[in-house]
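# Working through the structure, step by step
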Amino acid sequence: MKKLLVILSCVAFILSACGKDENDTAESARVAGKSDNVQIQIDDIKPEEGRDFMEQVVNNPALFGREFRKFTPVQQYYFCAAFAMGAMSATKPITASAMVNYFMGLGVAKYNEGINKDTYKAFNLGKNTFRFESVVNAILKHKTCEVIMNDAAEFAKKKNYHVADLDKLGKREVERVIQYIKKN
């Protein structure tokens, strides 16, 4: 599991670095339109879903760690679960779809808490993070989610959880996520 997350993080980092050798004119044009595009993307996030969090960290990615630490441990986990699923879906969509139930079940097993209003907010932010390259780079640079997901995987290993059991726990949580998405 650790190797998989490390590989996915590296792939996401490499993908985010693609096209960095553009000439200065193209780079200047892209930077000029970037702030408008970022504001439009942030406006798509409703205030109750964490727009204030995204505004702060997108405009200053160095603040990500400070703002992320304000989340409870279970919120941090669900943020990172969504982030990990997003990284996987960019590289291996089949693997990502297979891991959704596992990651959600792992959260329930480790924290005895599933998707609710507070954890969904964090999950949704993790899902929306891939809209903002600067935030993705900050998460990858500091290995924020890698540490949390590895810790959860170690917990499951120590407690001898079987993948099938975690998948079963996760199915209920996926249904809850779908219900939150339908509401919003």
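See the structure printed just above.
Described in the following lines is the structure provided in the data block.

The rules behind these values
- Residues numbered from 1 in each chain as written.
- Predicted model: local features only at pLDDT ≥ 70, side-chain atom pairs only at ≥ 80, totals over all residues.
- Heavy atoms only, no water.
- Helix = DSSP H or I, 4+ residues; strand = E, 2+ residues; numbered from the N terminus.
- Buried < 20%, exposed > 50% of the residue type's maximum accessible area, 1.4 Å probe, protein only.
- Contact = heavy atoms within 4.5 Å.
- Areas by Shrake-Rupley, 256 points an atom, 1.4 Å probe, with all protein chains shown as cover.
- Expected span 1.5 Å × (residues − 1).
- Disulfide = S-S within 2.5 Å.
- Salt bridge = Lys/Arg side-chain N within 4 Å of Asp/Glu carboxyl O.

### Side note on the overall build of the protein
The number of helices and strands found in the protein is ten helices and zero strands. Overall, the protein shows an N-to-C arrangement of helices and strands of α-α-α-α-α-α-α-α-α-α. Across the 184 residues that make up the protein, the buried fraction comes to 43%. The contacts in the protein between residues at least 6 apart in sequence include a share of 75% that link residues at least 24 apart. Here the protein displays about 10,300 Å² of accessible surface, and carbon together with sulfur accounts for 55% of that area.

### Observations regarding helix α5 (residues 73-91)
Between its first and last C-alpha atoms α5 spans 27 Å; for 19 residues at 1.5 Å apiece the expected length is 27 Å, and the two agree. With respect to burial, α5 is a largely interior element, 15 of its 19 residues being buried.

### Remarks on the state of the cysteines
In total, this model carries one disulfide according to the counting rule given. C80 shares a disulfide with C145; S-S distance 2.3 Å. Given an S-S torsion of about -75°, the disulfide between C80 and C145 has left-handed geometry. Highlighted residues: C80 in helix α5 and C145 in helix α9 (residues 144-158), separated in sequence by 65 residues. Assessed through its relative accessible area of 5%, C145 is described here as buried.

### Description of the side chain of Q75
On the secondary structure map, Q75 appears in helix α5. For Q75, a relative accessible area of 13% gives the class buried.

### Description of the pattern of salt bridges
With the rule as written, the count across this model stands at four salt bridges. Across the salt bridge formed by E67 and R66, the nearest N and O atoms sit 2.8 Å from each other. Given a relative accessible area of 6%, E67 falls into the buried group. The salt bridge partner of K110 is D151, with a shortest N-O separation of 3.4 Å. With K110 in helix α6 (residues 93-111) and D151 in helix α9, this pair connects stretches of sequence that are 41 residues apart. A relative accessible area of 22% places K110 in the partly exposed class. Judged by relative accessible area, D151 falls into the partly exposed class, the value being 41%.

Spatial relationships are all this shows, so hold off on functional conclusions.
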